[in-house]
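If you want the building blocks of each chain, they are given just below.
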Amino acid sequence: MSDRPAYLRIADTLRDQIRAGTYPQGSRLPTMTELCASHGVSEIVVRQAIALLRGEGLIETRRGGGTIVKVSPPARRVAMDRYRAVSRPLAVPATTFTHDQRIGWSDYRLDRSYTRANADAELASLFELPTGVELLRRRFVFFARGEPQQISVNYLPWDIVGDTPVADPEREPWPGGTLAQLEYLGHPPTRVEEAVRSRMPTPEEADTLHISSGVPVLAITRRMISRARVLEVCREIVIPADRVVLDYSIDL
C-alpha cells in the first residue's frame, strides 16, 4: 500500500485522466458522491484532491454545474510575427491581442482607465528620461469572447500624446493598437523590446483575470522605440501562464 496521501493519489488519477482525454475540456467530472464511492474515501479527502487540481488550473467548480475540466485553448504569442501582422495595412480591424487570440473585432473588448503620472526611477530608466517626467498612464483589461485574458499598464510621454486623440479613452479600442497610435503621431516604431518573467499574480490581478489560486502569470515588460527614442513602456503585460504559448523564431 502506498504511503502517499489519499487525496494526492486521487488528484494524480484525475489529472492523468484529464490529460489522456478521458475527461476532455468542458466535460464534467464525476460527482463528489461518485468519487467518494469509487476511491473509498471521505468527502473531505475528495475535496482536498479537487482543490489541488483547481489550484493547478485544470478544473473549475461552477455553482449548480459541478466540477468542469477547464476549456483553455492557449493563445499563441509569436514574438516577431505578431507585430508585423498588424503593422501592415489591415482589411479588417485588428490588434496584436486579437491576432494572438485568433478572434474577430466583435469578440474583442477593452476596459481602460487613463491617468497622468510622473516617471519613477524605474520608468525613467526604461524611457531613458529624467525622473519625474510627465507620462500618460493607461491600464487596459483585454477580453476575448467575454472573458478577461490579459492586463497591461503602459506609459507614453505626455509631450507626445497630450491633447491628441491617443490620450482620449473613448477612442479605444484603436485598430492596430499602440503600434498604429504611434504611427498616427508620426513616430512609427522601428524596434520592440520585450523582457519576460514568471511570477505569482497579485490578489487584484487574480481577481481581474479570474485566475485560480496557484496559477502563475507571465509578466512582460515592453519598450517600443522609434529610431533613437523610447516612446512606449509597458510595465507590465500580465497573462495567465496556462493560457498562452510564447513562440519565438530567430532568423540566422
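Structure first, text after, so check above.
Residues numbered from 1 in each chain as written. Predicted model: local features only at pLDDT ≥ 70, side-chain atom pairs only at ≥ 80, totals over all residues. Heavy atoms only, no water.

A.B. asks: How do you make sense of the pattern of salt bridges when you look at a structure like this?
C.D. replies: Close approach of charged atoms allows side chains with opposite charge to pair. Tallying each qualifying case throughout the model produces 17 salt bridges. Ionic pairing is found between Glu236 and Arg199, a salt bridge with its closest N-O pair at 2.7 Å. Linking Glu236 in strand 9 (residues 229–240) with Arg199 in strand 7 (residues 191–199), this pair joins segments that are 37 residues apart in sequence. Judged by its relative accessible area of 14%, Glu236 is buried. Each of Glu128, Arg191, Glu193 and Arg223 takes part in a single network of salt bridges with overlapping partners. (Salt bridge = Lys/Arg side-chain N within 4 Å of Asp/Glu carboxyl O. Helix = DSSP H or I, 4+ residues; strand = E, 2+ residues; numbered from the N terminus. Buried < 20%, exposed > 50% of the residue type's maximum accessible area, 1.4 Å probe, protein only.)

A.B. asks: Would you explain the packing of helix 1 (residues 6–20) against helix 3 (residues 43–55) in this entry?
C.D. replies: The relative placement of two packed helices comes down to the angle between their axes together with the axis-to-axis distance. Put simply, helix 1 and helix 3 touch, their axes get as near as 8 Å, and they point 50° apart. One finds that helix 1 runs oblique with respect to helix 3. In the crossing of helix 1 with helix 3, the sense of the turn from one axis to the other is right-handed. Taken together, the residues of helix 3 that come into contact with helix 1 (itself represented by Ala6, Tyr7, Leu8, Ile10, Ala11, Leu14 and Arg15) are Val45, Gln48, Ala49, Ile50, Leu52 and Leu53. Taken together, the residues of the contact of helix 1 with helix 3 sort by class into eleven nonpolar, one polar and one charged. (Axes fitted to C-alpha atoms, helices over the stretch in contact; angles between N-to-C directions. Parallel < 35°, antiparallel > 145°, perpendicular 65-115°, else oblique. Left-handed = near helix turned anticlockwise from the far one by under 90°. Contact = heavy atoms within 4.5 Å. Nonpolar A, V, L, I, M, F, W, Y, C, P; charged D, E, K, R; others polar.)

A.B. asks: Looking at this structure, how should I read the environment of Phe140?
C.D. replies: Turning to its location among the elements, Phe140 is positioned in strand 5 (residues 134–144). Sequence spacing of Phe140 and Asn154 is 14 residues, and the spatial spacing of their C-alpha atoms is 8.3 Å. Beyond its immediate chain neighbours, meaning those up to four positions away, Phe140 contacts Leu110, Asp111, Arg112, Tyr114, Gln150, Ile151, Ser152, Asn154 and Glu172.

A.B. asks: Is there a simple way to explain helix 1 in this structure?
C.D. replies: Owing to its 3.6 residues per turn, the α-helix aligns residues three or four sequence positions apart on the same side. Between its first and last C-alpha atoms helix 1 spans 21 Å; for 15 residues at 1.5 Å apiece the expected length is 21 Å, and the two agree. Here helix 1 has its buried residues at Leu8, Ile10, Ala11, Leu14, Arg15 and Ile18. The arc enclosing the buried residues of helix 1, seen along the axis, measures out at 160°, which places them on a common side. On the buried face of helix 1, the contacting elements are helix 2 (32–39), helix 3, strand 1 (59–62) and strand 2 (66–69). Downstream of helix 1 by one or two residues, Gly21 has phi in the positive range, about 90°. (Expected span 1.5 Å × (residues − 1). Arc of directions from axis to C-beta.)

A.B. asks: Help me understand the packing of aromatic side chains in this model?
C.D. replies: Counted according to the given criterion, the structure contains six aromatic pairs. Taking 5.6 Å as the distance between ring centres and 35° as the angle between the ring planes, the aromatic pair formed by Phe97 and Tyr108 counts as tilted. Here Phe97, found in helix 5 (residues 96–101), pairs with Tyr108, found in strand 4 (residues 108–118); they are eleven residues apart in sequence, far enough to count as distant. In this structure Phe97 comes out as buried when scored by relative accessible area, which is 2%. For the ring pair Trp105 and Tyr108, a centre distance of 5.2 Å and an interplane angle of 65° mean the geometry is edge-to-face. (Phe/Tyr/Trp six-rings, centres within 6.5 Å; stacked < 30°, edge-to-face > 60°.)

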